[in-house]
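Listed below, chain by chain, are the residues.
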Amino acid sequence: MRLEAKIEVDAVVIGGGIAGLQTALDLAEQDYLVVVVEKDASVGGKMIRLSKVFPTLDCASCITTPKMAAAAHHENISILTYGDLKSLDRSSDGRLEAVVEKKPRFVDEAKCIGCRQCEYDCPILVADENQGGFSARKAIHIPFSNAIPQVATLDVDHCILCGRCEKVCPTQAVDYFQQPQTIRIHAAAAVIATGFQMTSLHDKPQYGSGEITNVIDALQMERLLAPHGPYNRVLRPSDGMEPDSIAFVQCAGSRDRSMGVPYCSRVCCMYAIKQAMLLSGALPLADITIYYMDIRAFGKNYEQFFQNAQAMGIQFVKAKVASLAAAENGAVEVCYEDQVNGGVTRTSHDLVVLSLGKIAAWNPFGTCPVEVAEDGFIRSVSPRLAATLTSMEGVFAAGAAAGPKDIVDAIAEAGAAAMKAASYLSACHRPKQARSGVSINVKPQPSRAVAMG
Amino acid sequence: MSSASLKKLEIKTGLKQLRELRKETITAATTRMKEQKQIIKAIKNQLQQPTTVPAIAEAAGIPPHMVLWYVAALKKYGEVKEVDKDGCYFRYCSIEAS
């Protein structure tokens, strides 16, 4: 028996990252009812996993967590986590219909109090994707300490059904028989805020295809720098050594036709500079080198930030890195073409960070008839005058869903998308939904049986 | 049979069916769990006194990157703590032993 639920709202926001949350908050503040659909077990997106933001070096978590909490507690916002968007299209009544499959957590969200007793008792360790794979989580776990909602999720791919979690749960929240739930959301407007993902570390054979332990990506470095990171300090993943020499390889996934990413990802220069500055604070004696083709410091105070990094002693080498290879004692040999002095040079570093490219996190093909551009991001029909407008009436795009951008621009664009959506809702002359908050009316539908697992 | 007993029986039967349905993943996860237990035991034996990741790796015959992964996990779940620094490496020890 499949559980079905129906929600009537003014707007549906696809994606619970910083752009999605900002859009939802801005719409909710204008008294519109909003549902946020998030594919992960917690909202927060990429930003909640970052250490600090450039160019102010403010704590990323300190900015994101209040937004997450504000959205979670707003009476006009309902958050659907762990949900797969199956379709987003216009229904026969002219409104938009989003069909979301809420994946089973195998934990009752209403009963779980987030005590993590189940997690501590679970005997299975699994690589923790929220810590860049550098540490472990359990088969049943809460994604991270400030996750919203604070509800455990059971990963059935690693569960042995030993029953320990069920036994120790003080609220009997564990439910091994939980089923997926189909939720139909009817809304007048939709905002796509599905964000970005990084190109794969495995896609570049010249850089080791992810096989060199001490070659990591920038999001993994974010976790090493974060206060609640896997080691609580910066260590080399191959053996726990505090690195003495760290290199950043720029354009390791962007501006590279061989990777299918010919465009600039816009943020790599700045996050590499930020990480280099944070590293020089964490490891004052370490040599830090950034291999770059050109530095793109285009935003407000970004150029000053770049100059500050140079003044701090971070080395900037104008070069294109040709290859990386594992060397002795865990070192990584960097072979590069020096664009200033000429010639091919080889040098070793303890740890190498790749500034990978940004690609779209969501491909709407088969799910939603919204158009995408050649780069895979949502196509804006008026990129200069109204960047948030998409090819579908009533559907708007915010943040990195429409193209690579930094946090400042993503938040600004989220506000713009909310404004456009509000104007659209107002122009539709549709009455706002009854102000009794969003309620999900779940009723079992005697439909086809669903296989467990 | 009381309703509580019936419910218990229903859950038991349901779990049996679920185990059958997830047979492959359960077998694979059980094998992993057994391997993990052995590795954790070997690492914990070394952590009776403060030591570094390479030293544990050498003594236990486990690759150092794997030792670090387990030490980070044990630290997260409150079984291991960082003690002090030894050259470029940090020393860890079991909380039980300290």
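Since we're looking at a predicted model, the values are computed, not measured.

The rules behind these values
- Residues numbered from 1 in each chain as written.
- Chains lettered and ligands numbered in written order.
- Predicted model: local features only at pLDDT ≥ 70, side-chain atom pairs only at ≥ 80, totals over all residues.
- Heavy atoms only, no water.
- Helix = DSSP H or I, 4+ residues; strand = E, 2+ residues; numbered from the N terminus.
- Expected span 1.5 Å × (residues − 1).
- Buried < 20%, exposed > 50% of the residue type's maximum accessible area, 1.4 Å probe, protein only.
- Arc of directions from axis to C-beta.
- Contact = heavy atoms within 4.5 Å.
- Core = buried A, V, L, I, M, F, W, Y, C linked by side-chain atoms within 4.5 Å.
- Pairing = 2+ DSSP bridges.
- Axes fitted to C-alpha atoms, helices over the stretch in contact; angles between N-to-C directions.
- Buried area = accessible area lost by both parts, 1.4 Å probe.
- Salt bridge = Lys/Arg side-chain N within 4 Å of Asp/Glu carboxyl O.
- pLDDT = per-residue confidence, 0-100.

Describing helix 2 (residues 60-73) of chain A
Residues and elements named next belong to chain A.
At step 1: Over its 14 residues, helix 2 extends 20 Å from the first C-alpha to the last, a length consistent with the 20 Å expected when each residue adds 1.5 Å.
At step 2: Those residues of helix 2 that fall on the buried side of the exposure criterion are Ala60, Thr64, Met68 and Ala71. Taken around the axis of helix 2, the buried residues stretch over an arc of 70°, which confines them to a single face. Residues Cys62 and His73 are exposed on helix 2 and point more than 90 degrees away from its buried face.
At step 3: Check the buried side of helix 2 and you find it contacts helix 1 (18-29), strand 4 (52-53), strand 5 (58-59) and strand 6 (77-80).

Things to note about the nonpolar core
At step 1: Counting 81 residues, the largest nonpolar core has A:Ile273, A:Leu324, A:Leu354 and B:Ile43 as its most contacted members.
At step 2: With 10 residues, helix 6 (residues 268-282) of chain A is the largest single contributor of residues to this core.
At step 3: Those residues in contact with A:Leu324 that lie beyond four places of it in its chain are A:Gln206, A:Tyr207, A:Gly208, A:Ile212, A:Val215, A:Val249, A:Val332, A:Glu333, A:Val334, A:Val352 and A:Leu354.
At step 4: Core analysis: the second largest hydrophobic core is formed by 59 residues, A:Ala24, A:Ile77, A:Ile160 and B:Leu18 among them.

With respect to the sheet that holds strand 6 of chain A
All names here are of chain A.
At step 1: Strand order in the open sheet formed by 5 strands is 6-3-2-14-24, and the pairing between neighbours is parallel. Each edge of the sheet is formed by a strand with only one pairing partner; in this case those strands are strand 6 and strand 24 (395-397). Ignoring which end each strand starts from, the neighbouring axes of this sheet average 20° apart.
At step 2: In this structure, strand 3 (residues 34-37) lies alongside strand 6, joined through 4 bridges in parallel fashion. Paired with Val37 across the two strands is Leu80, which belongs to strand 6.

Considerations on the sheet that holds strand 20 (residues 332-338) of chain A
All names here are of chain A.
At step 1: In space, the 7 strands of this open sheet follow the order 16-22-17-18-19-20-21, with mixed pairing throughout. Both outer strands of the open sheet, strand 16 (215-217) and strand 21 (344-349), are each paired with one neighbouring strand and no more. Each strand axis lies, on average, 40° off the axis of its neighbour in the sheet, ignoring direction.
At step 2: In this sheet, strand 22 (residues 351-354) lies alongside strand 16 in parallel orientation, the contact comprising 3 bridges.

What about the interface of chain B and chain A?
At step 1: At the interface, 33 residues of chain B touch 39 residues of chain A.
At step 2: Summed over both sides, the interface of chain B with chain A buries roughly 3,100 Å², with 59% coming from carbon and sulfur.
At step 3: Considering only the side of chain B, the residues that lose the most area to chain A are B:Arg22, B:Trp69 and B:Tyr77, jointly responsible for 22% of the buried surface there.
At step 4: At the junction of chain B and chain A, the tally comes to 3 salt bridges.
At step 5: A salt bridge links A:Glu242 to B:Lys85; the shortest N-O distance between them is 2.4 Å.

A few points about the confidence of the model for chain B
At step 1: When pLDDT is averaged along chain B, the result is 95; 99% of the residues meet or exceed 70.
At step 2: Reported confidences for the modelled complex are a pTM of 0.93 and an ipTM of 0.94.

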